[in-house]
Amino acid sequence: MLSRTAENIFWMARYIERAESTARLIQMGQRMAILPGPIHREEWRSVLRVTGCDGLIEGDRPVAEADIVHLLLLDEGNPSSIRACLQRARNNGRAVRTALTQDMWEALNEDWRRLEHYDLARARRDLAELIDWVKTRASTFRGAVETGQLRNEGHDFLRIGGALERAEMTLRLLDVKYYVLLPETAVVGGVRDHYQWTSVLHALSAARAYHHVYGGGDYTPWRIADLLFLNPQFPRSVSFCFGQIGWHLERLARAHGRRSAAHDTAATMLSELHGRESGEIFEGGLHEFVQTALAVTNRLSREIAQAYHFA
Amino acid sequence: MGFFEMTDRSGAVRSCYAQVQRWVDEVGIDGLQLRLKEAETIFRRIGITFAVYGEGGDPERLIPFDLLPRIFSAAEWRVLDRGIRQRARALNAFLYDVYHRGEIIRAGVVPGELVYRNRAFEPEMIGFDPPGRVYSHIVGIDIIRTDEDGFQVLEDNCRTPSGVSYMLENREIMQRMFPELFASTRVAPVDSYPNDLLATLKEVAPAGAGSDPTVVVLTPGSFNSAYYEHSFLADLMGVELVEPMDLYVDDDKVWMKTTHGPKRVDVIYRRIDDDFIDPLTFRPDSMLGVAGLFGAYRAGGVTLCSAPGAGIADDKAIYLFVPDMIRFYLSEAPILQNVPTWRCALPDECAYVVEHLHELVAKEVHGSGGYGMLIGPKATRAEIAAYAERIRAAPADFIAQPTLDLSTAPVLGTREIVGRHVDFRPYCLVGKRMRLAPGGLTRVALTEGSLVVNSSQGGGVKDTWVLDD
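Residues numbered from 1 in each chain as written. Chains lettered and ligands numbered in written order. Predicted model: local features only at pLDDT ≥ 70, side-chain atom pairs only at ≥ 80, totals over all residues. Heavy atoms only, no water.

1. Observations concerning the overall build of chain B
Line of reasoning, step 1. Check the secondary structure of chain B and you find 14 helices and 21 strands.
Line of reasoning, step 2. A globule of 469 residues ought to have a C-alpha radius of gyration of about 23 Å, and chain B, at 22 Å, matches this closely.
Line of reasoning, step 3. Per-residue burial over chain B gives 60% buried out of 469 residues.
Line of reasoning, step 4. For chain B, restricting intrachain contacts to residue pairs at least 6 apart in sequence, the fraction spanning at least 24 positions comes to 69%.
Line of reasoning, step 5. A total accessible area of about 18,800 Å² is found for chain B, and carbon and sulfur atoms account for 51% of it. (Helix = DSSP H or I, 4+ residues; strand = E, 2+ residues; numbered from the N terminus. Rg over C-alpha atoms; globule rule 2.2 N^0.38 Å. Buried < 20%, exposed > 50% of the residue type's maximum accessible area, 1.4 Å probe, protein only. Contact = heavy atoms within 4.5 Å. Areas by Shrake-Rupley, 256 points an atom, 1.4 Å probe, with all protein chains shown as cover.)

Structure representation (structure tokens):
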């Protein structure tokens, strides 16, 4: 496979995943905003922070839903906006048309100009529908991959890109929320905490999974950390995503007959996650753990690019 | 009123259109209009688009599609098939000749200055033998019809004739939407084209390429107007679609950069013009090229399809001599006729052309895509005067042809079936042997009375059927 093709596929998968995660984050913010009390202002700010876009709104002024819809959904100038992500995913896909199935391409191509017709007012009015649309686009794309794409190295790069982006989003969300996960925090058990936890779980579509895994009951920092870091069954957990990355990297290693630094990095990370319990993570410092893990995702991305001759 | 493809001179529906006529009667115009909208939605979704240079607006607009097929009877196709193959053979023989001994020039059949002073002539190719002596591997010949028996060649395309993806997609969409129509009609399939193309390209691999040569399609990139076609063909052949940045030359061999490291490339179906393929040999300012590509080609390390310099054979000034080429190289009578053409390079003919511009179609010899032409009967006095001035300034750059009574084909109008002018481009593949799919691209001028069918000028396309006996 052409290196350019591999690179394009890898990033295409990341952009699609990012668009979907951002849609979920907006949904989380919206959910918080309709709750009584002043807390939602802080929520919108934290949504920005997770996406790495909080620098776009200066000072401490309260972040409003309109800001979010503009910056994260419509803004072409913001490379993290859903519109920019979908646009770039399609451009990447178009550049490697021959590596996509017809269905994958149709999923990227259909209705791709939709967001161009929206101004802020209309986008806010139709926000729920737009978010559903983004999620549906991502699901349709994944469905096309699932049933149609050859399980060749293109597929491996696609999965690795998607899993890396997903792990990164989970980690960033946890980093922004880490203070509410700290058991020592003074307001543990307060109403505010409850909403924060549920918001984290909702942003990751993990609320139901949480209750199924832990047999219902209260939210505790240990369990949440266990689910989102270490549970190999939950598809947005760091452990699950790294499992995927590792599995596809192994396939690449077999196909290519050689391993690279990326393989070592992924294997080390996996064994770290397997051997842990959530309590240890808290002992070592949650924030430190997240920062280290984020550094690993960055390094992996670079090492993969190097190993497979991107650019 | 010219020939209407659907009816004979008495106004009766010709037998090859009988099935379509029944279908129109059954479904009705409104029913067909609905289906047309459906077809357009499918086209849009699967992304068959055509960008037009310099026109602004939607860079990925759709080419208008017409539902009613253009139909050739088996007997008509037999003539076309033979005529097209004959022409493709002669054009390749001509290319070999002008880059070797130039016998047709020595014999006084083709004037030497038309060849050697031509911009499309490539001195770098003199004395070089491309594999199989094939220069133009995909010959697209634009054919028009003036009456029931009169097929005429309007233009030859020996470099990278485009549009074959529409031949395949138009058929695909028609079959998807109207399976019942195909079940009741014997339409010859065209879907072997990608396999034929791949076989052709493999046949012309360099001597050292081994039994399974690596073929790639070279595109300028996703912003090129024909990118859809490039990716479509690579996809159907199952070969890599590469951009110049994916290739490099080392030791007179061509390599593509893959995730496994460098991989050898044997045959390049390039959709990039001569001028741009290699900044070392051709335009040094080309951002598109691969440095050293031409050297690798001359050293036999890779085959370029088409060969650089193949454009000399489809030059509008050379076109005049194709019937002579057929007689000269093949000792055969031309099966397809040329459209009568005046050469402004000859003083007598130039004088005639300038005098009669109001009734002629004048073209720039080096122009393409319907640009830079004058359609006399539709032009204003001022336009004619200005064009005459240009011809006088550089007569050798112009030719002129009569305004032909192009045939019209049935097109779905809003209330009824209407006739619109069409032309036809079949694609003849030339490797060790020749392959010609029974069909091609029918382009249609969707504006009433218009003669311009180029997609770059707003023309549309329709499926082309060749009926089996």
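Following the structure, the description resumes.
2. Let's talk about empty space enclosed by the protein
Residues and elements named next belong to chain A.
Line of reasoning, step 1. Summed over all chains, the structure comprises eight cavities of 30 Å³ or more.
Line of reasoning, step 2. If you add up the space inside the largest cavity, you get close to 140 Å³.
Line of reasoning, step 3. As for the largest cavity, its lining consists of 14 residues, of which Ile16, Leu86, Ala107, Leu108 and Arg137 are closest to the centre.
Line of reasoning, step 4. Elements with a minimum of two residues in the lining of the largest cavity: helix H1 (3–33), helix H4 (82–95), helix H5 (102–109) and helix H7 (127–148).
Line of reasoning, step 5. Among the elements that make up the lining of the largest cavity, the one with the highest residue count is H7 (five residues). (1 Å grid on protein atoms, 1.4 Å probe; cavity = no way out; pocket = protein on both sides within 12 Å on 5 of 7 lines; lining within 4 Å. Points joined across faces, edges and corners; volume = space filled by probe spheres on them.)

3. Observations regarding the pairing of strand E6 (residues 247–250) of chain B
All names here are of chain B.
Line of reasoning, step 1. Direction of pairing for E6 relative to strand E7 (residues 253–258): antiparallel, over a ladder of four bridges. When the sheet's bridge partners are listed, Leu247 is paired in E7 with Met256.
Line of reasoning, step 2. What sits between E6 and E7 in their antiparallel hairpin is a turn of two residues, with Asp251 showing a positive phi close to 55°. (Pairing = 2+ DSSP bridges.)

4. Some remarks on the sheet that holds strand E12 (residues 342–343) of chain B
Residues and elements named next belong to chain B.
Line of reasoning, step 1. Taken in spatial order, the four strands of this open sheet run E12-E15-E13-E14, and their pairing is antiparallel. What marks the edges here is a single partner per strand, and that holds for E12 and strand E14 (374–375).
Line of reasoning, step 2. Pairing of strand E13 (residues 360–364) with strand E15 (residues 398–402), which is carried by five bridges, proceeds in the antiparallel orientation. Bridge pairing in E15 links Glu364 to Phe398.
Line of reasoning, step 3. Docked against the sheet, helix H14 (residues 381–393) engages E13, E14 and E15, running at close to 45° with respect to E13. (Axes fitted to C-alpha atoms, helices over the stretch in contact; angles between N-to-C directions.)

5. What to know about the sheet that holds strand E9 (residues 267–270) of chain B
Think of a sheet as strands paired side by side through backbone hydrogen bonds, with each pair either parallel or antiparallel.
Residues and elements named next belong to chain B.
Line of reasoning, step 1. Taken in spatial order, the four strands make up an open sheet running E5-E4-E9-E10, and their pairing is parallel. Pairing within the sheet leaves two strands with one partner each, and these edge strands are strand E5 (240–242) and strand E10 (303–305). Taking each pair of neighbouring strands and ignoring which way they run, the sheet shows an average axis angle of 30°.
Line of reasoning, step 2. Together, strand E4 (215–218), E5 and E9 form the strand contacts of helix H8 (residues 227–237), whose direction differs from that of E5 by roughly 150°.

6. Considering the pattern of salt bridges
Residue and element names in this part refer to chain B.
Line of reasoning, step 1. According to the stated counting rule, one finds 52 salt bridges over all chains in the structure shown.
Line of reasoning, step 2. Here Arg327 makes a salt bridge to Asp324, at a shortest N to O gap of 3.2 Å. Here the residue Arg327 and the residue Asp324 both occupy positions in helix H12 (residues 322–330), the gap between them amounting to three residues, near one helical turn.
Line of reasoning, step 3. When its relative accessible area of 44% is taken as the criterion, Arg327 is described as partly exposed.
Line of reasoning, step 4. Taking the relative accessible area as the measure of exposure, Asp324 reaches 27% and is therefore partly exposed.
Line of reasoning, step 5. When salt bridges with common partners are traced through the structure, they connect Glu5, Arg9, Arg14, Arg70, Glu76, Arg145 and Glu148 into a single cluster. (Salt bridge = Lys/Arg side-chain N within 4 Å of Asp/Glu carboxyl O.)

7. Some remarks on the packing of aromatic side chains
Residues and elements named next belong to chain A.
Line of reasoning, step 1. Per the counting criterion, the structure on display carries 25 aromatic pairs over all chains.
Line of reasoning, step 2. Three or more aromatic residues joined by ring pairs make a cluster, and in this case those are Phe10, Trp11, Tyr15, Phe157, Tyr308 and Phe310.
Line of reasoning, step 3. Arg90 extends its terminal NZ or CZ atom over the ring of Trp112, reaching a point 3.7 Å from the ring centre.
Line of reasoning, step 4. A cation over a ring is seen here: Arg122 above Tyr118, with NZ or CZ 4.4 Å from the ring centre. (Phe/Tyr/Trp six-rings, centres within 6.5 Å; stacked < 30°, edge-to-face > 60°. Lys NZ or Arg CZ within 6 Å of the ring centre and 35° of its normal.)

8. Details of the environment of Gln87(A)
Residue and element names in this part refer to chain A.
Line of reasoning, step 1. The topology assignment puts Gln87 in helix H4.
Line of reasoning, step 2. Residues Gln87 and Thr292 lie 205 residues apart in sequence; the distance between their C-alpha atoms is 31 Å.
Line of reasoning, step 3. If sequence neighbours within four positions are ignored, Gln87 has contacts with Glu76 and Trp112.

9. Let's talk about the side chain of Asp266(B)
Residues and elements named next belong to chain B.
Line of reasoning, step 1. Checked against the element boundaries, Asp266 lands in the loop between strand E8 (261–265) and E9.
Line of reasoning, step 2. An unpaired buried charge is present at Asp266: no salt bridge exists, and Arg264, the closest side chain of opposite charge, is 4.2 Å distant.
Line of reasoning, step 3. In this structure the side chain of Asp266 is engaged in a polar contact, spanning 2.7 Å, whose partner is the backbone nitrogen of Thr214.
Line of reasoning, step 4. In contact with Asp266, other than residues within four places in its own chain, are Pro206, Ala209, Pro213, Thr214, Val302 and Thr303. (Lys, Arg positive; Asp, Glu negative; His and termini not counted. Polar contact = N/O pair within 3.5 Å; in protein donor to acceptor, adjacent residues only side chain to side chain.)

10. Regarding the pairing of strand E21 (residues 460–466) of chain B
All names here are of chain B.
Line of reasoning, step 1. Counting buried positions along E21 yields seven of seven residues, so the element is predominantly enclosed.
Line of reasoning, step 2. Bridge count between strand E1 (residues 65–72) and E21: five bridges; the pairing is parallel. Within the sheet, the bridge partner assigned to Phe65 lies in E21 and is Val461.
Line of reasoning, step 3. Two strands pair when backbone bridges link them, and strand E20 (residues 441–444) and E21 are joined in this way by three bridges, in the antiparallel orientation.

11. Considering the environment of Met373(B)
Residue and element names in this part refer to chain B.
Line of reasoning, step 1. Mapped onto the elements of the fold, Met373 is located in the loop between E13 and E14.
Line of reasoning, step 2. In this structure Met373 comes out as partly exposed when scored by relative accessible area, which is 29%.
Line of reasoning, step 3. Sequence separation between Met373 and Tyr387 is 14 residues, and the spatial gap between their C-alpha atoms is 9.1 Å.
Line of reasoning, step 4. Excluding anything up to four places from it in sequence, Met373 contacts Val361, Ala362, Lys363 and Tyr387.

12. Observations regarding the packing of H5(A) against H7(A)
Residue and element names in this part refer to chain A.
Line of reasoning, step 1. Running from amino to carboxyl end, H5 crosses H7 at an angle of 175°, the nearest separation of the two axes being 8 Å. Compared by their axis directions, H5 and H7 come out roughly antiparallel. Here Asp103, Met104, Glu106, Ala107 and Leu108 of H5 lie close against H7, whose contacting residues are Arg137, Thr140, Phe141, Ala144 and Val145. (Parallel < 35°, antiparallel > 145°, perpendicular 65-115°, else oblique.)

13. Things to note about the packing of helix H13 (residues 238–256) of chain A against helix H14 (residues 261–274) of chain A
All names here are of chain A.
Line of reasoning, step 1. At a minimum axis distance of 9 Å, the contact between H13 and H14 shows a crossing angle of 145°. Here H13 and H14 pass one another in a crossing that is left-handed. Contacts between H13 and H14 pair Val238, Ser239, Phe242, Gly243, Ile245, Gly246, Leu249, Glu250 and Ala253 from the former with Ala262, His263, Ala266, Met269, Leu270 and Leu273 from the latter. (Left-handed = near helix turned anticlockwise from the far one by under 90°.)

14. Examining the interface of chain A and chain B
Line of reasoning, step 1. Across the boundary between the two partners, chain A contributes 28 residues, which contact 26 residues of chain B.
Line of reasoning, step 2. When chain A packs against chain B, close to 2,100 Å² is buried across both sides, 43% of that on carbon and sulfur atoms.
Line of reasoning, step 3. For chain A, the biggest contributors to the area lost against chain B are Leu2(A), Arg94(A) and Thr98(A); these three give 31% of the whole.
Line of reasoning, step 4. Between chain A and chain B we count two salt bridges in total.
Line of reasoning, step 5. Counting across the chain A and chain B interface gives 15 residue pairs in polar contact (both at pLDDT 80 or more).
Line of reasoning, step 6. Its residues assigned to classes, the side of chain A that touches chain B comprises 12 nonpolar, seven polar and nine charged. (Buried area = accessible area lost by both parts, 1.4 Å probe. Nonpolar A, V, L, I, M, F, W, Y, C, P; charged D, E, K, R; others polar.)

15. What to know about the confidence of the model for chain A
Line of reasoning, step 1. For chain A, per-residue confidence averages 88 on the pLDDT scale, and 93% of positions sit at 70 or higher.
Line of reasoning, step 2. Averaged pLDDT values for the elements of chain A fall to 67 in helix H9 (residues 178–181) of chain A and rise to 96 in H13(A). (pLDDT = per-residue confidence, 0-100.)

16. Topic: the state of the cysteines
Note on terminology: a disulfide is the covalent bond linking the sulfur atoms of two cysteines.
Residues and elements named next belong to chain B.
Line of reasoning, step 1. Within this structure, the stated rule accounts for zero disulfides over all chains.
Line of reasoning, step 2. Sulfur of Cys305: no disulfide; nearest cysteine sulfur belongs to Cys158 and is 14 Å away.
Line of reasoning, step 3. You can call Cys305 buried: its relative accessible area is 0%.
Line of reasoning, step 4. The structure places no disulfide on Cys350, whose sulfur is separated from the nearest cysteine sulfur, that of Cys344, by 4.7 Å.
Line of reasoning, step 5. Among the residues examined, Cys350 registers a relative accessible area of 11% and is labelled buried. (Disulfide = S-S within 2.5 Å.)

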